[in-house]
Amino acid sequence: MSAYHPLTESEAIAYARKLPDLFQPDSELTSREIGDGNLNLVFHISEPSTGKSIILKQALPYAKVVGESWPLTLDRARIESEALMIQESLCPDLVPHVYTYEPDLALTVMQDLSDHIIMRKGLIERNKYPLFAGHIGTFLARTLFYTSDLGMNQQEKKERVKRFINPELCKITEDLIFDDPYTDSPNNNVRPAIRDAVAAIWQDTGLHLEVAILREKFLTHTQALLHGDLHTGSIFIKPDSTKVIDPEFAYYGPMGFDIGAVFANLLLNFAAQEGWGEDEASRQDFRDYLTGTIRDVWETFEREFRELWNQHGTDRIATTPGYQDWYMKEVLRDTFGFTGSKMVRRVHGLAQVADINQIQDEAAKERAQRLALAIGTALIQFNRQASSIGEMIDIAEKAVK
């Protein structure tokens, strides 16, 4: 079973049997292929007699959402497994444990998180997660600080940058987030009801300038090892636990891109309350929860990042008075811009979000889409002026009114 080929369920079971110290010899194992993403096969292997279970995730050599006409590198499986192991070393409670990585099969064996749910589903169901902001703020602070020039030897960081060159998946991001939404691209999926709003975005050269500046940062700023796709569909959650999954888009880029991905998806759900809230009071209550979460995530991230810098910084010149404040303001401004660009892409780009698309009432769906575009474009336009996280919340709340 060494040469690469997509596994069948029986082959996935056979592979799992060979893993040491996981399952009882000769016990019955069952498999379900549960991959609902765009790029991979995901097998849930369980042992009914003991209740033990694991996940086998295998990269496909093409984008499943499109088919074999869109080939993709299998090296992304190595990138994902190595990123998870780095993240686990920094935040052991906030990512799934990786048991092993099989390079010949582009296969990662990891902890089963079936007792959690995907956060996007939880937010659509209007669940609140009071520990999430602290968890994800810590995850961002530790993974971004300790993989940056502030928190590790700069030469060792350059060696790591080489290992995480991820050109094919970065190309997907570069096109789907920073290009296609701003032109009449065949990759877009524009509902007729909002075509006027989308067409206005296509014509807005001032907006395009800000997007071009953000794109240049994504292309060139190797600040830290990013997750690269940190949306609410890449987070498993339950009331007392948060687990970040799926870092196959990991690469060295600007810190604000990861933070912005989290905020964008919270704000997409904020916009989607047009279709999920029973009445105005209910909508406002959940929106207050979401914006409060954004504030708490940023404040946790900034506080813990600064503490790590002050206690564990590796660079003498980075202790120059005023530099830390300048640096954090630049991360905040990048976060505004990347939050906006991630929002816009999810309204009429190739891969949209269930928060909005599952709204059954067409008028409410249109309101949610227009609201998301209004917030997203405003954040992009404002990003280089931002000075506090409260301004992001103000922009969202004003768009509702």
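Residues numbered from 1 in each chain as written. Predicted model: local features only at pLDDT ≥ 70, side-chain atom pairs only at ≥ 80, totals over all residues. Heavy atoms only, no water.

Asks: Whenever I open this one, the domain arrangement of the protein confuses me. Can you help?
Replies: Many authors give the size of an interface as the accessible area that is lost as the parts come together. Per the domain assignment, the segments making up the protein are domain 1 (9-111) and domain 2 (117-400). At the interface, 23 residues of domain 1 touch 27 residues of domain 2. Overall, the association of domain 1 and domain 2 removes approximately 2,200 Å² of surface from exposure, summing both partners, and the carbon and sulfur fraction of that is 64%. When the area that domain 1 buries against domain 2 is broken down by residue, the three leading residues are I79, L90 and L94, summing to 28%. (Domains from an automatic or database assignment. Contact = heavy atoms within 4.5 Å. Buried area = accessible area lost by both parts, 1.4 Å probe.)

Asks: Explain the UniProt feature "binding site: ATP" (unreviewed entry) in the protein here, please?
Replies: As recorded in UniProt, the feature "binding site: ATP" (unreviewed entry) lies at N40, K57, D246, P247 and E248. Spanning 209 residues, the named residues nonetheless gather at one spot, since no C-alpha pair among them exceeds 12.6 Å. Relative to the assigned elements, N40 resides in strand β2 (residues 40-47). A polar side-chain atom of N40 sits 3.3 Å from a polar atom in the side chain of R76. Position of D246 among the secondary structure elements: in the loop between β11 (241-244) and β12 (251-253). Among residues more than four places away in sequence, those in contact with D246 are K57, E80, H227 and S234. Within the local environment of D246, its side chain forms a polar contact with the side chain of K57, the two groups lying 2.6 Å apart. (UniProt positions renumbered as here; feature names shortened; annotations may be inferred. Helix = DSSP H or I, 4+ residues; strand = E, 2+ residues; numbered from the N terminus. Polar contact = N/O pair within 3.5 Å; in protein donor to acceptor, adjacent residues only side chain to side chain.)

Asks: Honestly, the packing of helix α7 (residues 195-203) against helix α8 (residues 205-220) in this entry has me stumped. Any pointers?
Replies: Two packed helices can be described by the angle between their axes and the distance between those axes. Packing of α7 against α8 leaves a shortest axis separation of 6 Å and a crossing angle of 70°. Taken together, α7 and α8 sit at an angle that is classed as roughly perpendicular. In this structure, α7 contributes I201, W202 and Q203 to the contact, and α8 contributes T205, L207 and H208. For the contact of α7 with α8, the residue count by class is three nonpolar, three polar and no charged. (Axes fitted to C-alpha atoms, helices over the stretch in contact; angles between N-to-C directions. Parallel < 35°, antiparallel > 145°, perpendicular 65-115°, else oblique. Nonpolar A, V, L, I, M, F, W, Y, C, P; charged D, E, K, R; others polar.)

Asks: Would you mind showing me how to read the sheet that holds strand β8 (residues 117-118) here?
Replies: Sheet strands pair by backbone hydrogen bonding; their relative direction is either parallel or antiparallel. With respect to topology, three strands assemble into an open sheet ordered β8-β10-β11, the strand pairing being antiparallel. Both outer strands of the open sheet, β8 and β11, are each paired with one neighbouring strand and no more. Note: strand β10 (residues 235-238) against β11, four bridges, orientation antiparallel. When the bridges of β11 are listed, K238 appears paired with S241. Against the sheet, helix α4 (residues 132-146) makes contact with β10 and β11, and its axis sits at roughly 35° relative to β11, the strand it touches most. (Pairing = 2+ DSSP bridges.)

Asks: So what exactly am I meant to see when it comes to α7 here?
Replies: Residues spaced three or four apart along an α-helix face the same direction, because each turn holds 3.6 residues. Within α7, burial applies to V198, I201 and W202. Down the axis of α7, the sector holding all buried residues measures 100°, keeping them to one side. (Buried < 20%, exposed > 50% of the residue type's maximum accessible area, 1.4 Å probe, protein only. Arc of directions from axis to C-beta.)

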